[in-house]
Amino acid sequence: MVALLEAAAHPDYPADIALVISNRADAGGLDRARDMGAPALVVPSRGRTREDFEAELSAVLAREGIEILALAGFMRVLTPGFVAAWEGRMINIHPSLLPSFPGLDTHARALAGGVRLHGCTVHLVSAGVDEGPILAQAAVPVQMHDTEESLAARVLEQEHRLYPAALAWLAAGRVRVRDGRAYVAAADARGRLVNPLPAGAAVSTQAPRD
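### Things to note about the layout of surface pockets
- When its volume is computed, the largest pocket comes out at roughly 1,200 Å³.
- Counting residues per element, the ones that place at least two in the lining of the largest pocket are α1 (2-8), β1 (20-22), α2 (28-35), α3 (50-63), β3 (69-71), β4 (90-94) and α6 (148-171).
- It is α6 that contributes the most residues to the lining of the largest pocket, seven residues altogether.
- Looking at side-chain class alone, the lining of the largest pocket contains 34 nonpolar, six polar and six charged residues.
- Counted as a void, the second largest pocket has a volume near 610 Å³.
- In this structure, the second largest pocket is lined by 27 residues; those nearest its centre are Phe74, Met75, Asn92, His94 and Asp130.
- Counting only elements with at least two residues in the lining of the second largest pocket, the list comes to β4 and α6.
- Among the elements that take part in the lining of the second largest pocket, β4 stands out by supplying three residues, more than any other.
- Among the residues making up the lining of the second largest pocket, the classes are represented as 13 nonpolar, nine polar and five charged.

If you want it as structure tokens, here you go:
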């Protein structure tokens, strides 16, 4: 969220962060957003049905004229009806290279699986959890002595680079979806994002140390 607010502060960024919403009153991001000059409010979900919660959420979004939803640490599963209403206008970031490791505990699962590359994915939200069309990805090498915490920290650096860029493409009308795949018009010569890491940085060949 902070990365998006910082990016949107630049005058040439194609989106304004018009509102920050949390379903939890104790979310630290609310005060952080207000400190950065963004309106922030709570739409509580505890003790309510998903339909009641989403009805109030939809009313707030309509009242404020919101056009795009960017989920950031929002850990609730939205109903198919809500998702359908925001089709093509709601994005999320996930800490793995989807379709690998959807759901929770992605860094621990990547280490347990012995993968050489891990990373993050920005995707359009669909009714399935972490199943929407992939918009952008960034990869980091998995080092021999990585812990869950060290790997998560490197992935987070890429999340902070990738999410503002992906939101900007969507806000600028550059995202296209065809046959279930998302593309970014004129992002590069192939029409899609490439790994933003330096050449060769996404290859891990480190040998074990004695």
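### A few points about the environment of Ala112
- Along the chain, Ala112 falls in helix α5 (residues 106-113).
- Placed 36 residues apart in sequence, Ala112 and Glu148 show a C-alpha to C-alpha distance of 9.9 Å.

### As for the pairing of strand β6 (residues 134-141)
- The buried count for β6 comes to six of eight residues, which makes it a mostly enclosed element.
- Two strands pair when backbone bridges link them, and strand β5 (residues 117-124) and β6 are joined in this way by seven bridges, in the antiparallel orientation. In the strand pairing of β6, His123 is matched with Ile134.

### A look at the pairing of strand β8 (residues 181-184)
- Examined bridge by bridge, strand β7 (residues 175-178) and β8 share four bridges and lie antiparallel to one another. Across the sheet, the residue bridging to Arg176 is Tyr183, located in β8.
- Connecting β7 to the antiparallel partner β8 that follows it, the hairpin turn spans two residues, and Asp179 within it adopts a positive phi of roughly 55°.

### Details of the pattern of salt bridges
- Counted according to the given criterion, the structure contains five salt bridges.
- We note a salt bridge from Asp26 to Arg24, for which the minimum N-O separation is 3.0 Å.
- Under the relative-accessibility criterion, Asp26 is labelled exposed at 56%.
- Arg24 gets classed as partly exposed once you look at its relative accessible area, which sits at 48%.
- Note that Arg63 and Glu64 form a salt bridge whose closest N and O atoms lie 3.1 Å from each other.

### Looking at the side chain of Asn92
- By secondary structure assignment, the location of Asn92 is in strand β4.
- Non-local contacts of Asn92, meaning those with residues more than four positions away in its chain, are made with Leu71, Thr121, Val122, His123, Val125, Asp130 and Tyr163.

Rules used throughout
- Residues numbered from 1 in each chain as written.
- Predicted model: local features only at pLDDT ≥ 70, side-chain atom pairs only at ≥ 80, totals over all residues.
- Heavy atoms only, no water.
- 1 Å grid on protein atoms, 1.4 Å probe; cavity = no way out; pocket = protein on both sides within 12 Å on 5 of 7 lines; lining within 4 Å.
- Points joined across faces, edges and corners; volume = space filled by probe spheres on them.
- Helix = DSSP H or I, 4+ residues; strand = E, 2+ residues; numbered from the N terminus.
- Nonpolar A, V, L, I, M, F, W, Y, C, P; charged D, E, K, R; others polar.
- Buried < 20%, exposed > 50% of the residue type's maximum accessible area, 1.4 Å probe, protein only.
- Pairing = 2+ DSSP bridges.
- Salt bridge = Lys/Arg side-chain N within 4 Å of Asp/Glu carboxyl O.
- Contact = heavy atoms within 4.5 Å.

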